[in-house]
Amino acid sequence: MPLSRIRVLVHLFREWAKTMINHTILHAQRLEQIEAASGPVYALPSHYPAGHSIAPHHHSRAQLLYPRKGVVMVTSSQGRWMVPPEHALWIPPEIAHAVDMLGHVHMLSIYVAPSALPDMSGNVRVVGLTDLARALIVEAVALPADRATRSSLVMALLLEEIAKLPEVPLGLPFPSEPRLFALCRSFVENPSPHLVIDDWAQTLAMSRRAFTRAFRRETGLSLSLWRQQACLLTALPRLANGEPVTSVALDLGYDSVAAFTTMFKRMLGAPPRQYFQGNRSPP
């Protein structure tokens, strides 16, 4: 390899390492801010590069994690969840969790004191965002420090709205076995319409029968059903960005738009166009 090429690669690696270290330091500072915050609600915006990971951590406040742009994967002792735009993840207080960024992520987080919503579930869960909740979250992170009256009104209304957010079935189970996890993570980042059991079984040097048993034992699903759910989560950010349903469905390997629409409606209660008419993110 030419020396000039090596120098470029070394420079890029140093810049990447510097970025990762800076984000790690920033996250530690944010944790201190969260714990030191007063009042029932504390709001923080964050920007993360693609591929960035936040190590396992916890905080005394519950967190409503809203990826306004991009998709995140959250891992905790209760499982793993992919959270696409139009949705948020409720993380109860003191639940240790790690966060992986699938693409560039603009995250808005609302941290809630346990006493502010004492009746909320102790389970991590994906929730759908109403138009009002989304607007309140955006407003909460943008409020200036000198607007105490407006801030208290916005935060009080946000608490009322959070308590009513509907749970949606978007928890994609990931295997704990490292090699299976790596295959699933790779598929989510680059979904293929040609995924077949034999290919994954061969990659792991397993028979088809042994692989299917192992996969179901680890996830509770067949590979075919898991792939369906993974494709749905992959499709959500693309559809939210305005891509045609036809192109998304065909890219994900569906034989027809009707088949994709049927699956989408079964999972989220409405066909894609109707779903996004009522769940459109602000620009």
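About the criteria used
Residues numbered from 1 in each chain as written. Predicted model: local features only at pLDDT ≥ 70, side-chain atom pairs only at ≥ 80, totals over all residues. Heavy atoms only, no water. Helix = DSSP H or I, 4+ residues; strand = E, 2+ residues; numbered from the N terminus. Rg over C-alpha atoms; globule rule 2.2 N^0.38 Å. Buried < 20%, exposed > 50% of the residue type's maximum accessible area, 1.4 Å probe, protein only. Contact = heavy atoms within 4.5 Å. Areas by Shrake-Rupley, 256 points an atom, 1.4 Å probe, with all protein chains shown as cover. Lys, Arg positive; Asp, Glu negative; His and termini not counted. Charge placed at Lys NZ, Arg CZ, Asp CG, Glu CD. 1 Å grid on protein atoms, 1.4 Å probe; cavity = no way out; pocket = protein on both sides within 12 Å on 5 of 7 lines; lining within 4 Å. Points joined across faces, edges and corners; volume = space filled by probe spheres on them. Nonpolar A, V, L, I, M, F, W, Y, C, P; charged D, E, K, R; others polar. Polar contact = N/O pair within 3.5 Å; in protein donor to acceptor, adjacent residues only side chain to side chain. Core = buried A, V, L, I, M, F, W, Y, C linked by side-chain atoms within 4.5 Å. Axes fitted to C-alpha atoms, helices over the stretch in contact; angles between N-to-C directions. Left-handed = near helix turned anticlockwise from the far one by under 90°.

Draft legend 1. A look at the overall build of the chain. A count of helices and strands for the chain gives ten helices and seven strands. Taking 283 residues into account, the globule formula puts the C-alpha radius of gyration at 19 Å, and the chain, at 20 Å, falls close to it. Principal-axis analysis of the C-alpha atoms gives the chain an extent of 60 × 55 × 35 Å. A burial count over the chain gives 46% of its 283 residues as buried. Partitioning the contacts of the chain with sequence separation of at least 6, the portion at a separation of at least 24 is 71%. Counting every atom, the chain has about 14,300 Å² of accessible surface; 56% of that belongs to carbon and sulfur. Charge separation in the chain, taken as the distance between the mean sites of 27 positive and 21 negative side-chain charges, equals 5 Å.

Draft legend 2. Region of interest: empty space enclosed by the protein. Throughout the structure, instances matching the rule amount to two cavities of 30 Å³ or more. As a volume, the largest cavity reaches approximately 90 Å³. Lining the largest cavity are 14 residues, and of these His27, Tyr48, Gln63, Met107 and Tyr111 lie nearest its centre. Of all the secondary-structure elements, those providing two or more residues to the lining of the largest cavity are α1 (3-36), β1 (41-48), β2 (53-57), β3 (62-76) and β6 (97-112). When residues of the lining of the largest cavity are assigned to their parent elements, the largest contribution, five residues, is made by β6. Among the residues making up the lining of the largest cavity, the classes are represented as seven nonpolar, six polar and one charged.

Draft legend 3. The arrangement of the layout of surface pockets in detail. Considered as a void within the structure, the largest pocket measures approximately 270 Å³ in volume. Contributing to the lining of the largest pocket are 16 residues, with Val41, Ala140, Leu143, Ser151 and Met155 lying nearest its centre. For the lining of the largest pocket, the elements supplying multiple residues, two or more each, are β1, α2 (131-142) and α3 (148-162). Of the residues forming the lining of the largest pocket, the biggest block, four residues, is contributed by α3. Here the lining of the largest pocket is composed, by residue class, of eleven nonpolar, four polar and one charged. Here the second largest pocket is characterised by a volume of approximately 170 Å³. Along the wall of the second largest pocket there are 13 residues; nearest its centre are Lys69, Gly70, Pro85, Pro237 and Asn241. Mapped by element, the contributors of at least two residues to the lining of the second largest pocket are β3, β6 and α7 (223-240). Per element, the largest residue contribution to the lining of the second largest pocket is four residues, and it comes from β3. Taken together, the residues of the lining of the second largest pocket sort by class into five nonpolar, five polar and three charged.

Draft legend 4. Region of the structure containing the side chain of threonine 219. Tracing the chain through its elements places threonine 219 in helix α6 (residues 208-219). Polar contacts involving the side chain of threonine 219 include one to the main-chain carbonyl oxygen of phenylalanine 215, which spans 2.8 Å. Within polar-contact distance, the side chain of threonine 219 engages the backbone nitrogen of leucine 221 at 3.1 Å. Setting aside residues up to four positions removed in sequence, threonine 219 forms contacts with Pro173, Phe174 and Pro175.

Draft legend 5. A look at the environment of histidine 104. Mapped onto the elements, histidine 104 comes out in strand β6. Between the alpha carbons of histidine 104 and alanine 249 there is a distance of 23 Å; along the sequence they are 145 residues apart. Beyond its immediate sequence surroundings of up to four residues, histidine 104 is in contact with Tyr48, Pro49, Ala50, Lys69 and Gly70.

Draft legend 6. Representation of unusual backbone geometry. Phi is positive for glutamate 94, close to 65°, though the residue is something other than glycine. In this model, alanine 205 sits at a positive phi of 55°, which is unusual for a non-glycine residue. One can find alanine 205 in the loop between α5 (197-203) and α6.

Draft legend 7. View of the nonpolar core. Core analysis: the biggest nonpolar cluster contains 57 residues, and Val72, Met82, Leu89, Trp200, Trp226 and Phe260 have the highest contact counts within it. Of the residues forming this core, the biggest block, nine residues, is contributed by α7. What leucine 89 contacts, discounting residues up to four positions off in sequence, is Gln63, Leu64, Leu65, Val74, Trp81, Val83, Val124, Arg125 and Val126. Of all hydrophobic cores here, the second largest spans 25 residues; its members include Ala43, Ala88, Ile110 and Leu117.

Draft legend 8. How the structure looks around the packing of α2 against α3. For the pair α2 and α3, the least separation of the axes is 10 Å and the interaxial angle reads 145°. Regarding α2 and α3, the two cross each other, and that crossing is left-handed. Counted together, Leu132, Ala133, Leu136, Ile137, Glu139 and Ala140 of α2 and Arg150, Val154, Met155, Leu157, Leu158 and Glu161 of α3 form the full contact between these two elements. Across the contact of α2 with α3, the residue classes break down as nine nonpolar, no polar and three charged.

Function-wise, these values are silent; they only describe arrangement.
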